[in-house]
Amino acid sequence: MTAGHLATVHGVSVLLCGRDGSKLSGGRTALDLIGDALGCQADMAAVPVERVADDFFVLRSGVAGEVAQKFVNYRVRLAIIGDIASHVAGSDALRDFVREANRGKRLWFVPDRAELEARPA
């Protein structure tokens, strides 16, 4: 699914995905990304927001839940990197989802790589 490179952030091996490639759009693409991460022995996949399908940000579509569940099942963390303000502005439910996700350690929404690197593992 992805061309990327490995980095270590607070002792966590992270697969940093490039901007080009397949969009994270459901269970199959989540499993592809998880496979890429596990193949590199990464504990986290960091995906630019440009690589996330718009349906992911429409909670009623079920895409975000399906993707998040796959990552939880395989014990791989997921970080979405980039500006999601336009998506969040139109949905109280999404805003709540993002807030709750960012309180945990499995799924994060961060504005940039610097914020990812600033977060404790």
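Quick look at the structure, then. (Residues numbered from 1 in each chain as written. Predicted model: local features only at pLDDT ≥ 70, side-chain atom pairs only at ≥ 80, totals over all residues. Heavy atoms only, no water.)

**Side note on the packing of helix 1 (residues 27-39) against helix 2 (residues 63-73)**
(1) Moving on: Two elements in contact, helix 1 and helix 2, have axes whose closest approach is 9 Å; the angle formed by their N-to-C orientations is 30 degrees. Between helix 1 and helix 2, the angle is such that the two are roughly parallel. In the crossing of helix 1 with helix 2, the sense of the turn from one axis to the other is right-handed. Across from Gly27, Ala30, Leu31, Leu33 and Ile34 in helix 1, the residues of helix 2 making contact are Glu66, Val67, Lys70 and Phe71.
(2) Moving on: Here the contact of helix 1 with helix 2 is built from residues that sort into 6 nonpolar, 1 polar and 2 charged. (Axes fitted to C-alpha atoms, helices over the stretch in contact; angles between N-to-C directions. Helix = DSSP H or I, 4+ residues; strand = E, 2+ residues; numbered from the N terminus. Parallel < 35°, antiparallel > 145°, perpendicular 65-115°, else oblique. Left-handed = near helix turned anticlockwise from the far one by under 90°. Contact = heavy atoms within 4.5 Å. Nonpolar A, V, L, I, M, F, W, Y, C, P; charged D, E, K, R; others polar.)

**Looking at empty space enclosed by the protein**
(1) Moving on: Evaluation of the coordinates by the stated rule reveals 1 cavity of 30 Å³ or more.
(2) Moving on: Space inside the largest cavity adds up to approximately 50 Å³.
(3) Moving on: Lining the largest cavity are Val9, His10, Val12, Val14, Met44, Arg77, Trp108, Leu116, Arg119 and Ala121.
(4) Moving on: In terms of residue class, the lining of the largest cavity is built from 7 nonpolar, 1 polar and 2 charged. (1 Å grid on protein atoms, 1.4 Å probe; cavity = no way out; pocket = protein on both sides within 12 Å on 5 of 7 lines; lining within 4 Å. Points joined across faces, edges and corners; volume = space filled by probe spheres on them.)

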